[in-house]
Amino acid sequence: MRIGITCYPTYGGSGVVATELGIELAASGHEVHFISYSQPFRLSGRDDGIFYHEVPVSSYPLFEFPPYDLALASRMAEVAEFSDLDLLHVHYAIPHSVSALLARQMLAARGRKLPFVTTLHGTDITLVGLDRSYLPITRYAIQESDGVTSISTYLKDKTVDDFGVSRPIEVIPNFVNCDVYTPIADESARALARSRFAQPDEAVFIHLSNFRPVKRVVDVVKVFAQVVHEVPSQLILVGDGPDRSAAEWLAHDLKINDRVHFLGKQDRVNELLPLADLMIMPSALESFGLAALEAMACKVPAIATLVGGVPELIEHGVTGLLYPVGDIDGMAAGAISLLTERSKLNAMREAARKDAQKRFCASLVLPKYVKYYERILGD
Ligand code: GMT
């Protein structure tokens, strides 16, 4: 198949899923064309079967807001025609599904078919999409898509309840390449890599996000501050965004800044995740929690919140621990109990990796997308 993919290319779960999907599709022989305003950040250096088409957005003194969605629709239609696309797959409904709808109509007028699939990821439904300025058009574009997938049952139900969408929605969960996201098998190699951050007897925590308010990064530091009084530990924070400086200030105020490592945006998170003992993901909401899945595949269970689609990923007490949002004391106590009873932590580490392999490996989830595309093309 020749598949066009549109996503937000910046740091964010929907862009990661879209990019990893494109990479996996290309590796299994499909031709993939990314259409976006810049190259998705995990794409660099990979080109077999993968093409990237930039969307130029011109400005004009009259435009207070350059119309990206229109430029995107034009580019989608052009790429579909020049590269003979079979299908377009857009990630995150706003505005990508609306642009795809326009591109499909433009091509229909030229006697060409371009079915499109919309994948719903999270705040396109739970936050931004509910804004009155976007809700009617988002609902319309979802309803009119040739296919719609959602990354969790939670998000599917939200779409039906909050948008009144009546069309079928297929649940295809987030996935991880279990050969790329993998523990470091050799203990001495792992110890050497950990020594960049921690002494041999110290525990290592990791957090990975885009530091938006929904991720509650300040809670990460608060949880860690309680743990570090009981168990010698270090905290690695990967990513960047609006709440980074609040987290940095808190680490300074609590005088734990020498134990908190802000690494900023990193490309090869698969090399950092396996260094940790535990992830902290205290989000106010997650439709799935891709970062926790990537950590689990590396044998790193998450201390997370009982929100959205997270319980579809993490089984409390088996593959991680789940607490109410803001329950700093609970999360800290849970982490301390795992770190002081190493056999419990080791069992959870094994279970986390096994569960990621059994339910969410790219090799299991990719065929679900391919089958879904075939169904859409057959309709
Ligand atoms: O909804 C968002 O915040 C956007 C999106 C992104 O681009 O970061 O994140 C969502 O999509 C991920 C991949 O499908 C999910 O794993 C995240 O749980 C989800 N984020 C939220 O629901 C907050």
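Throughout what follows, the structure given in this document is the object of discussion.

Here is what the cut-offs are and how they apply
- Residues numbered from 1 in each chain as written.
- Predicted model: local features only at pLDDT ≥ 70, side-chain atom pairs only at ≥ 80, totals over all residues.
- Heavy atoms only, no water.
- Helix = DSSP H or I, 4+ residues; strand = E, 2+ residues; numbered from the N terminus.
- Rg over C-alpha atoms; globule rule 2.2 N^0.38 Å.
- Buried < 20%, exposed > 50% of the residue type's maximum accessible area, 1.4 Å probe, protein only.
- Areas by Shrake-Rupley, 256 points an atom, 1.4 Å probe, with all protein chains shown as cover.
- Lys, Arg positive; Asp, Glu negative; His and termini not counted.
- Charge placed at Lys NZ, Arg CZ, Asp CG, Glu CD.
- Pairing = 2+ DSSP bridges.
- Contact = heavy atoms within 4.5 Å.
- Axes fitted to C-alpha atoms, helices over the stretch in contact; angles between N-to-C directions.
- Right-handed = clockwise from strand over helix to strand, strands pointing away.
- Core = buried A, V, L, I, M, F, W, Y, C linked by side-chain atoms within 4.5 Å.
- Domains from an automatic or database assignment.
- Near = heavy atom within 4 Å.
- Polar contact = N/O pair within 3.5 Å; in protein donor to acceptor, adjacent residues only side chain to side chain.
- Nonpolar A, V, L, I, M, F, W, Y, C, P; charged D, E, K, R; others polar.
- Patch = residues over 30% accessible without salt bridge, like charges linked within 9 Å, V, L, I, M, F, W, Y side chains within 5 Å.
- Salt bridge = Lys/Arg side-chain N within 4 Å of Asp/Glu carboxyl O.
- Disulfide = S-S within 2.5 Å.
- Parallel < 35°, antiparallel > 145°, perpendicular 65-115°, else oblique.

Assigned secondary structure in the protein chain consists of 15 helices and 13 strands. In terms of overall dimensions, the protein chain is globule-like: its C-alpha atoms have a radius of gyration of 21 Å, near the 21 Å expected for 379 residues. Overall, the protein chain is about 70 × 45 × 35 Å in size when its C-alpha atoms are taken along their principal axes. Residues counted as buried form 56% of the 379 residues belonging to the protein chain. On the protein chain, roughly 16,000 Å² of surface is accessible, and the fraction owed to carbon and sulfur atoms is 52%. One way to put it: in the protein chain the 36 positive side-chain charges average out to a point 2 Å from where the 46 negative ones average out.

Strand order in the open sheet formed by seven strands is S3-S2-S1-S4-S5-S6-S7, and the pairing between neighbours is parallel. At either margin of the open sheet sits one strand with a lone partner, and together these are strand S3 (50-54) and strand S7 (170-171). The sheet strands contacting helix H2 (residues 68-82) are strand S1 (2-6), strand S2 (31-36), S3 and strand S4 (87-91), and the helix crosses S2 at an angle near 155 degrees.

Turning next to the pairing of S4. Of all five residues in S4, five are buried, a share of seventy percent or more. A two-sided burial pattern is seen for S4, the buried positions comprising Leu87, His89 and His91 on one face and Leu88 and Val90 on the other. Two elements, S1 and S4, share four bridges in a ladder whose sense is parallel. The residue of S4 that forms the bridge with Ile5 is His89. Relative to strand S5 (residues 116-120), S4 runs parallel, the two being bridged by four bridges. When the bridges of S5 are listed, His89 appears paired with Val117. In this view, the connection linking S4 to its parallel neighbour S5 by way of helix H3 (residues 96-108) has right-handed handedness.

This part is about unusual backbone geometry. The omega torsion of the bond from Ile94 to Pro95 falls at -10 degrees, within 30 degrees of zero and hence cis. Tracing the sequence through the fold places Pro95 in the loop between S4 and H3. Non-glycine residue Asp84 carries a positive phi angle of around 55 degrees. Structurally, Asp84 is set in the loop between H2 and S4. One non-glycine residue with positive phi stands out, namely Lys299, at about 70 degrees. Tracing the backbone through its elements, the reader meets Lys299 in the loop between helix H11 (290-297) and strand S12 (302-305).

Below, the discussion takes up the nonpolar core. With 81 residues, the main nonpolar core has Leu25, Val238, Met279 and Ile314 as its most contacted residues. Tallying contributions element by element places helix H15 (residues 362-378) first for this core, with eight residues. Counting residues domain by domain, this core receives three or more from each of domain 1 (2-175 + 361-378) and domain 2 (187-359).

What follows concerns the site of the ligand. Taken together, 18 residues lie around the ligand, and Gly13, Ser14, His121, Thr123 and Glu286 are the ones closest in. A distance of 2.6 Å is found between an oxygen atom of the ligand and a side-chain nitrogen or oxygen belonging to His121. Coverage of the ligand by the protein chains reaches 95% of its 480 Å² of free accessible surface. The greatest single-element share of the shell around the ligand, amounting to three residues, is contributed by helix H1 (residues 13-27). Taken together, the residues of the shell around the ligand break down into six nonpolar, 10 polar and two charged. The two domains that each donate at least three residues to the shell around the ligand are domain 1 (2-175 + 361-378) and domain 2 (187-359).

Okay, a nonpolar patch on the surface next. Together, Tyr60, Leu62 and Phe63 make up an exposed nonpolar region whose accessible area comes to about 360 Å². Considering the arrangement of structural elements, one finds Tyr60 in the loop between S3 and H2.

Before going further, it helps to spend a moment on the state of the cysteines. One pass over the full model with this rule turns up one disulfide. Cysteine Cys298 remains unbridged, with the sulfur of Cys178 as its closest cysteine sulfur at 9.3 Å.

In this section: the environment of Leu25. Following the sequence through the fold, Leu25 ends up in helix H1. Residue class for Leu25 comes out buried when judged on its relative accessible area of 0%. Counting along the chain gives 25 residues from Leu25 to Ile50, while the straight-line C-alpha distance between them is 9.2 Å. Excluding residues within four positions of it along the chain, Leu25 makes contact with Ile3, Ile5, His30, Val32, Leu366, Val370 and Tyr373.

This paragraph deals with the packing of H1 against H15. At a minimum axis distance of 11 Å, the contact between H1 and H15 shows a crossing angle of 85 degrees. Judged by the angle between their axes, H1 and H15 are roughly perpendicular. Of the residues in H15, those touching H1 at Leu21, Glu24 and Leu25 are Ala362, Leu366, Tyr369, Val370 and Tyr373. Looking at the contact of H1 with H15 residue by residue, the classes come out as seven nonpolar, no polar and one charged.

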